[in-house]
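Given next are the chains, with one letter for each unit.
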Amino acid sequence: MIVLGIETSCDETSVAVVKDGKKVLSNVVASSLKMHSKHGGVIPEIASRMQLESMAPVFTQAIKKAKIKPKQIDLVCVTCGPGLAGSLLVGISFAKALALSLDKPLLGVNHIKAHVYANILCHNKIKLPAVALVVSGGHTTLFYIKDFLKFEVLGQTRDDACGEAFDKVAKIMGLGYPGGPLIEKLAKDGNKHKIKFACSGTSDEMDFSFSGIKTAVLYYLKGKKIAAGLKKDLAASFQESAINTLMRKSLIACKHKKASSLLIGGGVVANSYLRQRIASGAKKAGINCFFPDINLCMDNAAMVAGLGGYLYKKGLRSDLYLNMEF
Ligand code: KG4
Ligand code: ZN
């Protein structure tokens, strides 16, 4: 079965072709990120206008790279939420037109669940049930999944998402946008024990809170001149605390659910220190931990096609009334 996936929930325009639920024949991603960096965050109007321009060329490129003809597509899948309304509409409208013109089925896919499914595209030995952690610019959520039809929410952020905290801390430090990769780079040469930052406690131990640590960084810097060395230590200390929290709560969730698999997905998982820390923490706890390949951590359409193909086989369908999901 050949599945075409479309992803336009934030600043990316991505189209992918996935064969037989596993083989990624193409995964083209165009990003408008550079156009947002001077604003310190994604500007929805700029994102959707760029997506309108990119949608058809990215589709053409994905088809060409996969060496298929449009008529070979068996199913069209598209991210239907959560995300920016104008951006989602570009992808959904294109997907509807494509499915209608090819007379092929259409299926709307949840972006957060697709981030978890990215692991299935990359690994063969995943055993379910599992605990899943999605850690992106908009979400920090722990799930329990028996299969990819039902996601039980175990905990989520009460305020900022983890990626959002990386972005805000980077902004406070005058680093630019997106902050995650910039903080990771600086942290490599910093002393992670230099400053003690802690994420705020939450009444439910599987919930998260990242807004307090961002404010702590702001207060720490108040009135100080940020020398290069301090920037590195600050980045390393902040990153350490954020990642420790993600690891600690993921392991609590695994214990709570007696799960031996932990699937992690979302843009922040591109952070190699996070991968290393959580992998070693999980190993010590006897848990098999999985991350998608780096190119499948960030927003991409392959994960949408992958999950869509799975759900279609389970009997799920959308029609031309498909709308955004918040
Ligand atoms: O999943 P994603 O591409 O988009 C959303 O669905 O939100 O995640 C984007 C987020 C941004 O907040 C970005 O700063 C963060 O992922 N990010 C990172 C790294 N690369 C991207 N955070 C920490 N370290 C990284 N290397
Ligand atoms: Zn995402």
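Just above, that's the structure.
Bear in mind the structure is a predicted one, so any value in this text is a computation, not a measurement. (Residues numbered from 1 in each chain as written. Chains lettered and ligands numbered in written order. Predicted model: local features only at pLDDT ≥ 70, side-chain atom pairs only at ≥ 80, totals over all residues. Heavy atoms only, no water.)

Draft legend 1. Molecular detail of the overall build of the protein chain. In terms of helices and strands, the protein chain carries 10 helices and 10 strands. For a compact globule of 326 residues, the expected C-alpha radius of gyration is about 20 Å, and the protein chain comes in at 20 Å, within 12% of that figure. A buried classification covers 52% of the 326 residues belonging to the protein chain. Once local pairs closer than 6 in sequence are excluded, the contacts in the protein chain between residues at least 24 apart make up 72%. On the protein chain, roughly 14700 Å² of surface is accessible, and the fraction owed to carbon and sulfur atoms is 54%. (Helix = DSSP H or I, 4+ residues; strand = E, 2+ residues; numbered from the N terminus. Rg over C-alpha atoms; globule rule 2.2 N^0.38 Å. Buried < 20%, exposed > 50% of the residue type's maximum accessible area, 1.4 Å probe, protein only. Contact = heavy atoms within 4.5 Å. Areas by Shrake-Rupley, 256 points an atom, 1.4 Å probe, with all protein chains shown as cover.)

Draft legend 2. The sheet that holds strand S10 (residues 288-290), seen in detail. Spatially, the 5 strands line up as an open sheet ordered S8-S7-S6-S9-S10, and their pairing is mixed. Here the strands that pair on one side only, and so sit at the sheet edges, are strand S8 (150-156) and S10. Going from strand to strand, the sheet's axes swing by 25° on average, the running direction of each strand aside. Relative to strand S9 (residues 261-265), strand S6 (residues 130-135) runs parallel, the two sharing 4 bridges. (Pairing = 2+ DSSP bridges. Axes fitted to C-alpha atoms, helices over the stretch in contact; angles between N-to-C directions.)

Draft legend 3. Up close: the site of ligand 1. Close to ligand 1 lie 20 residues; Gly137, Asp167, Glu184, Gly267 and Asn271 are nearest. Between Gly138 and ligand 1, the recorded distance is 3.4 Å, taken from a backbone N or O atom to an oxygen atom. The separation between an oxygen atom of ligand 1 and a polar main-chain atom of Val268 is 3.5 Å. For ligand 1, whose unbound accessible area comes to 550 Å², protein coverage reaches 91%. Those elements giving two or more residues to the shell around ligand 1 turn out to be helix H4 (111-122), helix H5 (162-172) and helix H6 (179-187). (Near = heavy atom within 4 Å. Polar contact = N/O pair within 3.5 Å; in protein donor to acceptor, adjacent residues only side chain to side chain.)

Draft legend 4. Examining the coordination of the zinc ion (ligand 2) more closely. At 2.0 to 2.2 Å from the zinc ion (ligand 2) lie its protein donor atoms, namely His111 (NE2), His115 (NE2) and Asp299 (OD). Mapping the donors of the zinc ion (ligand 2) onto the primary sequence yields the spacing H-x3-H-x183-D. Here Asp299 lies in the loop between S10 and helix H10 (302-313) and His115 lies in helix H4, a separation of 184 residues in the sequence. (Donors = N, O, S within 2.8 Å, 3.2 Å for Na, K, Ca; no water.)

Draft legend 5. Structural context of the packing of aromatic side chains. Under the defined criterion, the tally for this structure stands at 9 aromatic pairs. Relative to Phe238, the ring of Phe166 lies with its centre 5.0 Å away and its plane at 75°, an arrangement referred to as edge-to-face. Of the two residues, Phe166 sits in helix H5 while Phe238 sits in helix H8 (residues 228-257), which places them 72 residues apart along the sequence. Across the pair, Phe238 and Phe166 agree in class, each one buried. Members of the aromatic cluster, connected to one another through ring pairs, are Tyr117, Phe143, Phe148, Phe151 and Tyr310. Stacked on the ring of Tyr220, the Lys or Arg Lys224 has its end atom at 3.9 Å from the ring centre. The ring of Tyr312 is capped by Arg317, whose NZ or CZ atom sits 3.7 Å from the centre of that ring. (Phe/Tyr/Trp six-rings, centres within 6.5 Å; stacked < 30°, edge-to-face > 60°. Lys NZ or Arg CZ within 6 Å of the ring centre and 35° of its normal.)

Draft legend 6. Just the pattern of salt bridges, in detail. Enumeration according to the criterion identifies 8 salt bridges in this entry. Here Lys257 ties to Glu152 by a salt bridge, and the two come within 3.3 Å at their closest N and O atoms. In this pair, Lys257 sits in helix H8 while Glu152 sits in strand S8, placing the two residues 105 residues apart along the sequence. Judged by its relative accessible area of 23%, Lys257 is partly exposed. Its relative accessible area of 32% is what places Glu152 among the partly exposed residues. Here Arg158 makes a salt bridge to Asp207, at a shortest N to O gap of 2.7 Å. Taken together, the residues Arg158 in the loop between S8 and H5 and Asp207 in the loop between H6 and helix H7 (211-221) connect sequence positions 49 residues apart. (Salt bridge = Lys/Arg side-chain N within 4 Å of Asp/Glu carboxyl O.)

Draft legend 7. Up close: the side chain of Asn271. With respect to the helices, strands and loops of the structure, Asn271 is situated in the loop between S9 and helix H9 (272-284). One polar contact links the side chain of Asn271 to the main-chain amide nitrogen of Tyr273, over a distance of 3.0 Å. For Asn271, the side chain forms a polar contact with the main-chain nitrogen of Leu274, separated by 2.9 Å. Not counting chain neighbours up to four residues away, the residues in contact with Asn271 comprise Phe166, Glu184, Gln239 and Ile243.

Draft legend 8. Focus on the packing of H7 against H8. For the pair H7 and H8, interaxial distance at closest approach is 11 Å and the crossing angle is 160°. Relative to H8, the element H7 lies roughly antiparallel. For H7 against H8, the interelement crossing comes out right-handed. Across the interface between the two elements, Ile213, Val217, Tyr220 and Leu221 of H7 pack against Leu230, Leu234, Phe238 and Ser241 of H8. Among the residues making up the contact of H7 with H8, the classes are represented as 7 nonpolar, 1 polar and no charged. (Parallel < 35°, antiparallel > 145°, perpendicular 65-115°, else oblique. Left-handed = near helix turned anticlockwise from the far one by under 90°. Nonpolar A, V, L, I, M, F, W, Y, C, P; charged D, E, K, R; others polar.)

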